[in-house]
Amino acid sequence: MNFLSHFYLLQNNTNPYLVLGMVLPDMVKNHRKSWNLHPQKHERELNADPVMSAIRLGWDLHLETDRRFHSSVFFHHHTSQLRKQIIRVLPDRPYRPFFLAHIALELLLDSLLIIHERVDTGQFYSRLSDCREDEIVRFLEINGIGDAHSFTPWLHEFIRGEYLFSYRDPEGLAYALDRTGRLVWQTPVSTKAREELADLLQRYQSNIENEYLPIFEEITSYLRLL
């Protein structure tokens, strides 16, 4: 799941550090792919502090949510369908249609939450803004990240840019899909292909508009059992 889908599951919780933890696994990889954090190895130190414990709990919820989502019938069905459509637009290497289908489905869920006003994107950014930079750095350092201070400028730019608002439009989704892909194969798609992706995503979004909420209900029920 992407940022807003994770936030949707916690949006009624006012603890900014829990929200941060819920999206931090994806954030650190977006900032530095080489960073590998294993909070479970530092539970004693993290649990001794309420802020560190909240971030760690959010981190664990993120991992459990992704496990549930990626094993769901919903995920496997729709990524299979999206892959078939994406491969018609991007049939050649280095593009990987399954990877793009995975990301596209997550972007579409975020977009639907925004369009149907089921998530407050501004509130998401506000929660992140409420987190103190020194606490974020401390969490990273406890987890063995030596260059932890490099993350906070990235996070500040992420908040300032507010690019998640662009997910309301198919062009914004296509741009985000292209940008994510570039991190993997460093090759942008053509303007024509991006326009075709935008059309594809708009059509597919209409197809799942009346059937996307149950996956969130399924995951919410699962999290209550943890």
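Refer to the structure presented above.
Residues numbered from 1 in each chain as written. Predicted model: local features only at pLDDT ≥ 70, side-chain atom pairs only at ≥ 80, totals over all residues. Heavy atoms only, no water.

**Q** Looking at this model, I keep getting lost on the environment of E64. Mind explaining?
**A** Locating E64 in the fold gives a position in helix α4 (residues 50-70). Look at E64 and you get partly exposed, because its relative accessible area is 22%. (Helix = DSSP H or I, 4+ residues; strand = E, 2+ residues; numbered from the N terminus. Buried < 20%, exposed > 50% of the residue type's maximum accessible area, 1.4 Å probe, protein only.)

**Q** Would you take a moment to explain the nonpolar core for this structure?
**A** Note on soluble globular proteins: their nonpolar side chains tend to be buried together. Grouped together as the largest cluster of nonpolar side chains are 83 residues, with contacts concentrated most on F124, L140, F158 and F216. No other element matches helix α6 (residues 97-115), which puts twelve residues into this core. If we skip the residues at most four places from it in the chain, F216 touches M1, S5, Y8, L9, L109 and L113. (Core = buried A, V, L, I, M, F, W, Y, C linked by side-chain atoms within 4.5 Å. Contact = heavy atoms within 4.5 Å.)

**Q** Explanation requested: unusual backbone geometry in the structure shown.
**A** Most peptide bonds are trans, and most residues other than glycine sit at a negative phi. Phi is positive for E117, which is not a glycine, with a value near 55°. Classification of E117 as exposed rests on a relative accessible area of 69%. Phi angles above zero are rare outside glycine, and E162 is one such case at about 50°.

**Q** Please explain the side chain of R56 as it appears in this structure.
**A** Position of R56 among the secondary structure elements: in helix α4. Setting aside its immediate chain neighbours within four residues, R56 contacts P39, E43, L46, N47 and F139.

**Q** I tried to follow the packing of aromatic side chains on my own but got confused; where do I start?
**A** By convention here, two paired aromatic rings are described through the distance between centres and the angle between planes. The tally for this structure, following the rule as stated, stands at 17 aromatic pairs. On the numbers, 5.9 Å between centres and 80° between planes, the contact of F99 with W185 is edge-to-face. Residue F99 is found in helix α6, and its partner W185 is found in helix α10 (residues 170-185); the two are separated by 86 residues along the sequence. W185 gets classed as buried once you look at its relative accessible area, which sits at 9%. Centre to centre, the rings of F151 and W154 are 5.6 Å apart; their planes meet at 25°, and the pair counts as stacked. Placement of the pair is F151 and W154 together in helix α9 (residues 151-161), with a separation of three residues, close to one helical turn. (Phe/Tyr/Trp six-rings, centres within 6.5 Å; stacked < 30°, edge-to-face > 60°.)

**Q** Just to check I follow, could you spell out the pattern of salt bridges for this structure?
**A** A side chain of one charge can pair with a side chain of the opposite charge when the charged atoms of the two come close. Throughout the structure, instances matching the rule amount to eleven salt bridges. Through salt bridges with shared partners, a single ionic network connects D49, E135 and R138. (Salt bridge = Lys/Arg side-chain N within 4 Å of Asp/Glu carboxyl O.)

**Q** Mind showing me how you'd approach α9 here?
**A** Given 3.6 residues per turn, any residue in an α-helix points the same way as the ones three and four places further on. Among all positions in α9, only F151, T152, L155, F158 and I159 are buried. All buried residues of α9 lie within an arc of 115° about the axis, which places them on one face of the element. Residues of α9 that are buried in the fold lie against α1 (3-8), α2 (16-31), α7 (121-129) and α8 (133-142). E162 lies just past α9 and shows a positive phi near 50°. (Arc of directions from axis to C-beta.)

**Q** Would you take a moment to explain α4 for this structure?
**A** Between its terminal C-alpha atoms α4 stretches 30 Å, which fits the 30 Å expected from 21 residues at 1.5 Å a residue. For α4, the full list of buried residues reads V51, M52, A54, I55, R56, G58, W59, L61, H62, T65, D66 and F69. (Expected span 1.5 Å × (residues − 1).)

**Q** Explain empty space enclosed by the protein here, please?
**A** If you roll a probe as big as a water molecule over the atoms, it shows you where there is empty space left. Within the structure shown, the criterion is met by one cavity of 30 Å³ or more. What the largest cavity holds in volume is close to 30 Å³. Considering the residues around the largest cavity, the lining is formed by S111, Y167, R168, D169, P170, L173, L201, Q202 and Q205. Elements with a minimum of two residues in the lining of the largest cavity: α10 and α11 (191-208). Among the elements that line the lining of the largest cavity, the one with the most residues is α11, at three residues. A class-by-class count of the residues in the lining of the largest cavity yields four nonpolar, three polar and two charged. (1 Å grid on protein atoms, 1.4 Å probe; cavity = no way out; pocket = protein on both sides within 12 Å on 5 of 7 lines; lining within 4 Å. Points joined across faces, edges and corners; volume = space filled by probe spheres on them. Nonpolar A, V, L, I, M, F, W, Y, C, P; charged D, E, K, R; others polar.)

In short, geometric facts, not functional conclusions.
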